[in-house]
Structures are given as C-alpha cells and as structure tokens.
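Residues per chain, in single letters:
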Amino acid sequence: CAAEPACGDYRERYPNPAPMQISTARLEPDRPMPADLVWGQGDAFNSRLVREIRNETRLVRLVVYRLTAPDVTQALLDKAREGVPVRLIIEPNEYTNRTWPEFWLTHANIDRLWAAGIQIRRRRHAGLTHMKMLVTSRYATNASSNYATNWQRDHNYFVPAASKPDVYGAMAARFDQMWNDAEAFEPFAPGPPDQPRLAAPSAGASGVGEDTALTWRAAPFATSYDVYFGPSPAALSLVGRLAAPLVNDPPATYSWAPPAALAPGQTFFWKVVARTHAAGRDPSLVRDSGAWSFTTRGLASRERPARPTVFRRVNGRWYVQGRADSIAYGTASDVPVHADYDGDGLADVAVWRPSSGTWFIMGSAGSLETRVQWGGGRSGDVPVPADYDGDGRADPAVWRATTGTWFVLRSSDGYQRSTSLAIRWGEATDQPVPADFDGDGRADLAVWRPGTGTWWILLSADGYLVDRHVRVQWGLGSLDDVPVPADYDGDGRADLAVWRPGSGTWWILPSADGYLVDRHIRVQWGLGSLDDVPVPADYDGDGRADLAVWRPGSGTWYALSSATGYSTSSSTQWGVRSAGDVPVLAGWAAMQSYLR
C-alpha cells in the first residue's frame, strides 16, 4: 500500500486471505517468430549488422545513438575502403558522453570513421536522436538496441525490402529526409579529448628514484598519449606513445618508464599530450597536460661531457666540436689515440706513429708537447692508451697481438722504461678492450675473443694475477659483434657490452648487477647497414656512457642520452667519411676499417 497509514485496517477488512489464482493460458495462439527478429543487444545483433553491411554494394546508411562495438565500426571502415558510400547520422550528446568510460568508445569509433573520410552528419535541432537504424539495399532495421557489446533485453527487427517494401521504403525515405534536412542536421566536426592530468612524480618533487615511472590519469575520449621528456621545458622530446585500450573498462591511470635509470641529482621535465583517432587528420585535436618537473635523488655528476671529434687523415688535422679552429697534429699514416694524458679531465689530441712507434701528445692543460717512443707497427702492435697506474692520466701502451703481450709505459713513473709493465694476456685473434672493470681507478688488461664471444679480464686490483682472472661470455664474433666496454650504469666500473651491426642493437651486461645475464640491457640504436660506427662516451656529462653512433655518409653523430634513461636523443653533424675523417671516440675494434 503506497499510503501505509491508510492501510492499517487491511486485516480487519480482509480476515480470510486466499491464494491468488492466475491463469497461465496464452491469450493469443503460438505464432512463429519472424526470421529477421533479433532479441537482445550484443553479439547476435552486432553480427547481423556486420553481415548486412558487408553484403551491401551500393550505399550504407546508419543512424547512430551509441556506437561502442568495434566489429560494427570495422565493417563500416572496410565497406568505405571498398568504395561503397557510407553515410552516418549521429547523436552529439552521446559523442561527448563522459558518464562512463564505456561511453567514450562512441567518440573513438566515430572519430575513426571521420578520419577515414566517411560522411557524417549530426543533430542540431532540439531534442534527441535516439534512432538506431541501418538501411541497406536489402534491409532496414527497426531497432531498440545500441550498437554495443553488452547484452540487454531488446528487440530488433530487420525489415526486408523484398517482402515488406512499403515499410522498408518509408524507413529509407526517413533517413534520406533527415540527411538532406540542413536545418535539423549539420556536418559533423570532431572534438578533442579532455586534458590529461599528471599524477606522479608530483610537480616539483625532489628525491625521486632514478627508476621512477611517469604516471597520469586517463582522459575521456583519448585514444593514445604522447609522452614528452627532457632536461628543460624548451627541450622536451617525444619519448613514447601509449595506446589507450578501447574497452568498456579501461585503466584509470597510465604510466611510462624510461628504458634505463635516470641520472642522479638532475631535474627533468615531462608532459603528456592526449590524442584522438581524428588527430591524424586534424593535428589540432589534442590536449596538452602542461609540463611538470622533478629532481632525482643523489648528487649530480661533475664529469665534463665528451665532444664529437674527428681526425682528418688527408691533412692531419683534428676537428673538435666547440672549437672555432682545427688543430694540425699528425700525418696520414698516424693513428689517433685520443685520451686524457695530462689529467685535466679533457681528452688530449694525440697520435701514435706505427712506423717509429712514437707517441705525439699535445696536452690540453697547456703543457708542452710530449713525445715518447713505445711499441711499433712492424711488431703488430695495437695502441691501447688508458690509465693503468691510477694517477688520473692515460699511459702510452700497446698490445702485441703476435705474443698477446701488453706493454705499458706508466705516466706516474715519468715514462721510465725500467718500471714499465709487460704482461702476457690474450691470443693473436683477440681484440684488446682495456677498461676499469673493477672500479679501482686503474685500467684492467682485457681482451674479447670473437670466436667464443668471451671476455678475459686481468684485474688490476688483484695485481694482474692470472688465477684471479674474470671470464664472461657476452656477444659473438659470428654475428659481427663489436665490443664497446664503458661505464653505462655509472657505478665507476666498466660494463661488458657489444654492438650488433645487423640489428643495430646494444647488448649491455651491467657491472652493478654482477654481470647477470637476466639483468642485461638491450637497446636498438644505429644500423650496420648504414655503416654506423659505435662511439660510446659520456656526451651529457652525467657520469655514464651514452649510446652513440657516427654515420659516415653524412658525418652525423646520433646519441641516446643515459641521463634520461635512453629516452631522449640528440644528433649533430661533425666530420664526413669522404674527407677521410676518423671518429676518434670509437674503440680500436670499430676504428680498424678507417686505419687500413
């Protein structure tokens, strides 16, 4: 009883209640269900729609209230690509319905159709276009279901043109009348997505972990997100594009993480741009989140960035990016041996002359030229300068392939031959790869064996004791791998790394993870088919080597910055192969073809 107080005397008035008797007999006789009647919204209805759209060869006409079914959308696209005209009339309120993420799909699907060039008109008169009608040459639908995947109790009748021509004709005429009514309907113009909202790291956050992910909240109507990242608001690079799943229940947040750890103690800026399917046709249909910044924990590196440098053999001149002039130093037969011989933190201009075994060193700290005879080309020596004694200065050194012997002239002893080192380590087919693998500030004696891809390392911290050597398999000569050891993770120890020309992939085993294979880093950068030369060095000054290649044809240096976790890149033109230039930051293995 709706008025409860007025029903208080119910039991007094009806003291003897009895069960209600209901007749279940049908009031109408059983009749066969029409063959073209589909009960319920969902797969059965959508499948029939798709079938009729695919069967049409002249003109597809569709009135849309809500379109969230991907198969119906795809059928319309396919039909339009076949050259069959497709006309849509849509309800604008549903196109911009933000109530549930499921409703956002209508926006996405209509945009896909518009981007494909399909003709679309929308209601402009007062009221609502709640029709759901498909008209083909064979059928017109009198439907109560939306074009959606979720099931609900509905009825949808496909009126056949052949057996019900009057009803079919009236429905087709109604569509045409709506399509041609310029007062009530107008051409559709797509709208942008909502603005994405950044979530974490929060604006201006400090002490952020180097392995942080960037997170933002889902924006209604966005079908993808472009992530921009960089060291300043004016230097943001596109680092990733994430597609939004076009499903009824999409994620509430999205995130992107740099491929590797960020540099410590540095401030970074980021933003997200939401896109729609229509943005490919109209680039203005995007929304920018605005840029936020955060600072990673730890202390920033004070390393001096490496600079692209080439040695032009035809005239014996050095070209260092950032210098207004070139430096005449060396001859066509000399080998560039770029290293920091005076301990000022800058690599010096230096050459080794194979014919006499003489090292010519021009110090960058204003010191006088140094000339030292050490090694010789006739003995098959390979120049391998590095800081073997830990005094902060590179030492002249050669590796004699014929005997596998390392000869090191130490700068800390004033280049005295009497205190030089001579240690046998390696075989004739090995490639010398000296670097500080143990982090004691001194270069270790190391070779990479192409036949097995094995690194054989004698550690300076262990006094170069053979029984304390390190052996790790990483890379393969049969795949043309080029050894490129460097400190990629910033722990002060060189990592094992190779660059594979066939795919342009860098394969890095970080020392910080104990050279564990399952913790390796793999990044594609550069291509051997373009004759790229790997030139890893710390170009961004964060204390970690960046992935970089020099492209001889154009003389362009392409670097992936470790400071941004290999998510941003830079390029600069410096040098060119046609002038006989040699990229002096390349390792010995990569440089050999330029020195023949």
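Residues numbered from 1 in each chain as written. Predicted model: local features only at pLDDT ≥ 70, side-chain atom pairs only at ≥ 80, totals over all residues. Heavy atoms only, no water.

### With respect to the overall build of the protein chain
Inference 1: Each helix and strand counted, the protein chain has seven helices and 41 strands in total.
Inference 2: Computed over its C-alpha atoms, the radius of gyration of the protein chain comes to 36 Å, more than 25% above the 25 Å expected for a compact globule of 596 residues.
Inference 3: For the C-alpha atoms alone, the extent of the protein chain along its principal axes is close to 125 × 65 × 45 Å.
Inference 4: Sequence separation of at least 24 residues holds for 54% of the intrachain contacts in the protein chain that already meet a minimum separation of 6.
Inference 5: Accessible surface, the protein chain as shown: approximately 27,700 Å² in total, 51% of it carbon and sulfur.
Inference 6: Once the 59 positive and 66 negative side-chain charges of the protein chain are each reduced to a mean point, those two points are 7 Å apart. (Helix = DSSP H or I, 4+ residues; strand = E, 2+ residues; numbered from the N terminus. Rg over C-alpha atoms; globule rule 2.2 N^0.38 Å. Contact = heavy atoms within 4.5 Å. Areas by Shrake-Rupley, 256 points an atom, 1.4 Å probe, with all protein chains shown as cover. Lys, Arg positive; Asp, Glu negative; His and termini not counted. Charge placed at Lys NZ, Arg CZ, Asp CG, Glu CD.)

### With respect to the environment of Asp546
Inference 1: Residue placement: Asp546 occurs in the loop between β37 (533-534) and β38 (547-551).
Inference 2: For Asp546, a relative accessible area of 1% gives the class buried.
Inference 3: With 58 residues separating them in the primary sequence, Asp546 and Tyr488 have C-alpha atoms 6.9 Å apart.
Inference 4: For Asp546, the contacting residues outside a window of four places in its chain are Pro536, Ala537, Asp538, Tyr539, Asp540, Leu560, Ser561, Ser562 and Ala563.
Inference 5: Reaching out from Asp546, the side chain makes a polar contact with the side chain of Ser562 at a distance of 2.6 Å. (Buried < 20%, exposed > 50% of the residue type's maximum accessible area, 1.4 Å probe, protein only. Polar contact = N/O pair within 3.5 Å; in protein donor to acceptor, adjacent residues only side chain to side chain.)

### Some points on the pattern of salt bridges
Inference 1: Applying the stated rule across the entire model yields 32 salt bridges.
Inference 2: Of the charged contacts, one joins Glu427 and Arg449 as a salt bridge, the two residues approaching to 3.7 Å between their closest N and O atoms. One end of the pair, Glu427, is in the loop between β28 (421-424) and β29 (431-432); the other, Arg449, is in strand β30 (residues 445-449), with 22 residues separating them in the sequence.
Inference 3: Residue classification places Glu427 among the partly exposed positions, given a relative accessible area of 40%.
Inference 4: Residues Arg442 and Asp440 are paired through a salt bridge, measuring 3.0 Å at the closest nitrogen-oxygen approach.
Inference 5: Judged by its relative accessible area of 29%, Arg442 falls in the partly exposed class.
Inference 6: Owing to a relative accessible area of 28%, Asp440 belongs among the partly exposed residues under this scheme.
Inference 7: Each of Asp36, Arg48, Arg51, Glu52 and Arg138 takes part in salt bridges that share partners, so that together they form one network. (Salt bridge = Lys/Arg side-chain N within 4 Å of Asp/Glu carboxyl O.)

### Looking at the nonpolar core
One recurring pattern in soluble globular proteins is that nonpolar side chains are buried together.
Inference 1: Judged by nonpolar contacts, the single largest core of 33 residues is most densely connected at Val72, Leu76, Leu88, Ile90, Ile110, Leu113 and Ile120.
Inference 2: Within the residue set of this core, elements represented by two or more residues are α2 (43-55), β2 (60-64), α3 (70-81), β3 (86-90), α5 (101-115) and β6 (139-143).
Inference 3: Setting aside residues no more than four positions away along its own chain, Val72 makes contact with Asn46, Leu49, Val50, Ile53 and Leu67.
Inference 4: Of all hydrophobic cores here, the second largest spans 24 residues; its members include Val227, Leu242, Ala263 and Ala274. (Core = buried A, V, L, I, M, F, W, Y, C linked by side-chain atoms within 4.5 Å.)

### So, empty space enclosed by the protein
Inference 1: Enumeration according to the criterion identifies one cavity of 30 Å³ or more in this entry.
Inference 2: Of the pockets and cavities examined, the largest cavity occupies roughly 120 Å³.
Inference 3: Surrounding the largest cavity, 17 residues form its lining, Trp104, Ala222, Ala244, Pro245 and Pro250 being those nearest its centre.
Inference 4: The dominant element in the lining of the largest cavity, judged by the number of residues it contributes, is α5, at four residues.
Inference 5: A class-by-class count of the residues in the lining of the largest cavity yields 16 nonpolar, one polar and no charged. (1 Å grid on protein atoms, 1.4 Å probe; cavity = no way out; pocket = protein on both sides within 12 Å on 5 of 7 lines; lining within 4 Å. Points joined across faces, edges and corners; volume = space filled by probe spheres on them. Nonpolar A, V, L, I, M, F, W, Y, C, P; charged D, E, K, R; others polar.)

### Thoughts on α2
Inference 1: Helix length check: α2, at 13 residues, gives a terminal C-alpha distance of 18 Å against a target of 18 Å (1.5 Å per residue), a fit within 8%.
Inference 2: Packed against the buried residues of α2 are β1 (37-41), β2, α3, β5 (133-135), β6 and β7 (152-160). (Expected span 1.5 Å × (residues − 1).)

### Remarks on the sheet that holds β37
Inference 1: On the basis of which strands lie adjacent, the open sheet formed by four strands has the order β37-β38-β39-β40 and antiparallel pairing. Where the open sheet ends on each side, the last strands, each with one partner, are β37 and β40 (569-573).
Inference 2: Sheet topology note: the β38/strand β39 (residues 556-560) ladder contains five bridges and is antiparallel. Bridge assignment links Arg551 to a residue of β39, and that residue is Thr556. (Pairing = 2+ DSSP bridges.)

### Observations concerning the side chain of Asp334
Inference 1: One can find Asp334 in the loop between β20 (327-328) and β21 (335-336).
Inference 2: For Asp334, a relative accessible area of 0% corresponds to the buried category.
Inference 3: Within the local environment of Asp334, its side chain forms a polar contact with the backbone nitrogen of Thr331, the two atoms lying 2.8 Å apart.
Inference 4: When sequence neighbours within four positions are dropped, the list of residues in contact with Asp334 reads Phe311, Arg313, Val351, Trp352, Arg353 and Pro354.

### Side note on the pairing of strand β26 (residues 397-400)
Inference 1: Pairing of strand β25 (residues 381-383) with β26, which is carried by three bridges, proceeds in the antiparallel orientation. Among the inter-strand pairings, Val382 is bridged to a residue of β26, identified as Trp399.
Inference 2: Taken together, the four bridges between β26 and strand β27 (residues 405-408) define a ladder with antiparallel strand orientation. Within the sheet, the bridge partner assigned to Ala397 lies in β27 and is Val408.
Inference 3: The antiparallel hairpin formed by β26 and β27 contains four residues in its connecting segment, where Gly404 sits at a positive phi of about 70°.

### Description of the packing of aromatic side chains
Inference 1: Counted by the stated rule, this structure contains 22 aromatic pairs.
Inference 2: Aromatic side chains Trp474 and Trp507 sit 6.4 Å apart centroid to centroid with 70° between the ring planes, which places their arrangement in the edge-to-face category. With Trp474 in the loop between β32 (470-473) and β33 (482-483) and Trp507 in strand β35 (residues 505-509), this residue pair connects regions lying 33 residues apart in the sequence. The exposure classification of Trp474 matches that of Trp507, with both residues buried. (Phe/Tyr/Trp six-rings, centres within 6.5 Å; stacked < 30°, edge-to-face > 60°.)

### Side note on the environment of Ala252
Inference 1: With respect to the secondary-structure elements, Ala252 resides in the loop between β13 (237-243) and β14 (253-256).
Inference 2: Taking the relative accessible area as the measure of exposure, Ala252 reaches 60% and is therefore exposed.
Inference 3: It is 8.8 Å that separates the C-alpha atoms of Ala252 and Ala219, two residues lying 33 residues apart in sequence.
Inference 4: The contact partners of Ala252, leaving out residues within four places of it in the chain, are Trp216, Arg217 and Ala218.

### A few points about the packing of α2 against α3
Inference 1: Where α2 contacts α3, the two axes come as close as 9 Å, and the packing angle between them is 0°. Here α3 runs roughly parallel to α2, going by the angle between their axes. Here α2 contributes Asn46, Leu49, Val50, Ile53 and Arg54 to the contact with α3, which in turn contributes Asp71, Val72, Ala75, Leu76 and Lys79.
Inference 2: Here the residues of the contact of α2 with α3 sort into six nonpolar, one polar and three charged. (Axes fitted to C-alpha atoms, helices over the stretch in contact; angles between N-to-C directions. Parallel < 35°, antiparallel > 145°, perpendicular 65-115°, else oblique.)

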